[in-house]
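# Summary of the model geometry
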Amino acid sequence: MMTTPGGSGRFKPLPTAMYAGYSGTASSWVAKTSVSASGKRIQREMAELNVDPPPECSAGPKGDNLYHWIATIIGPSGTPYEGGIFFLDMIFPSDYPFKPPKVVFKTRIYHCNVDTGGNLSVDILRDSWSPALTITKVLQAIRSIFLKPETYNPALPVIARLYLSDRGKHEEVAKEWTLRFAK
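Quick look at the structure, then. What you see is a predicted model; the values in this text were computed from it and never measured. (Residues numbered from 1 in each chain as written. Predicted model: local features only at pLDDT ≥ 70, side-chain atom pairs only at ≥ 80, totals over all residues. Heavy atoms only, no water.)

## Digging into the overall build of the protein chain
If you tally the helices and strands in the protein chain, you get 4 helices and 6 strands. The helix and strand sequence of the protein chain, counted from the amino end, reads β-β-α-β-β-β-β-α-α-α. Sorting the 183 residues of the protein chain into buried and exposed places 40% on the buried side. When contacts within the protein chain are restricted to residue pairs at least 6 apart in sequence, those whose partners lie at least 24 apart make up 50%. (Helix = DSSP H or I, 4+ residues; strand = E, 2+ residues; numbered from the N terminus. Buried < 20%, exposed > 50% of the residue type's maximum accessible area, 1.4 Å probe, protein only. Contact = heavy atoms within 4.5 Å.)

Written out as structure tokens, the structure reads:
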């Protein structure tokens, strides 16, 4: 029970509402009563992500906003994106996990599944979304398109056609963009 010094050297109990969610230290203050179900889910997934992040990926809240994250993906070796550092915004809806996060590339990338505004076109964030999916799985799915683009579902069909018809030229342009925008 939290107490405050009284005039007689004794401690008086504080009203319970004043310290609900307080765990004993100033840095661990969490107002448990104001976190929604989606917020609790995001907090749990953040803890899991911190313990076991996917390879070459990191993500976390932007400032104090639990529903707006910044993610980073390092371009996988053996791809035209190798060594590039790609930043993404992740915006979680208030009804997460029943609706997918909106993920936008902030770093320009030459990729058939990313449009000119950075919007991502991958099944996992649209038709294949399931509440069983997690932030970690989303990052893994995004990283996987660096290795194998979803050419059947492109945001930019012209890039998908180049990938399918002239892989060498596609990789040359993708490497050039990686050097220009992601390093």
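Once the structure has been displayed, the description carries forward.
## Considerations on helix α1 (residues 37-51)
The end-to-end C-alpha distance of α1, which contains 15 residues, comes to 22 Å, matching closely the 21 Å that a straight helix rising 1.5 Å per residue would cover. Every buried residue of α1 is listed here: Ser38, Gly39, Arg41, Ile42, Glu45 and Leu49. In a view along the axis of α1, the buried residues occupy a sector of 155 degrees, so they form one face of it. Along α1, exposed side chains directed more than 90 degrees from the buried face belong to Ala37, Asn50 and Val51. Packed against the buried residues of α1 are β3 (57-62), β4 (65-74) and α2 (135-147). (Expected span 1.5 Å × (residues − 1). Arc of directions from axis to C-beta.)

## As for the sheet that holds strand β6 (residues 102-105)
Here 4 strands make up an open sheet; going across it, the order is β3-β4-β5-β6 and the pairing antiparallel. Among the strands making up the open sheet, the edge pair consists of β3 and β6. For this sheet, the mean angle separating the axes of adjacent strands, direction not counted, is 25 degrees. Relative to strand β5 (residues 85-91), β4 runs antiparallel, the two being bridged by 7 bridges. (Pairing = 2+ DSSP bridges. Axes fitted to C-alpha atoms, helices over the stretch in contact; angles between N-to-C directions.)

## So, the environment of valine 114
Among the structural elements, valine 114 can be located in the loop between β6 and α2. The class for valine 114 is buried, based on a relative accessible area of 2%. Residues valine 114 and isoleucine 145, spaced 31 residues apart in sequence, show a C-alpha to C-alpha distance of 10.0 Å. Those residues in contact with valine 114 that lie beyond four places of it in its chain are Phe105, Ile109, Asn119, Leu120, Ala155 and Leu156.

Any functional reading would require information beyond the geometric quantities listed.
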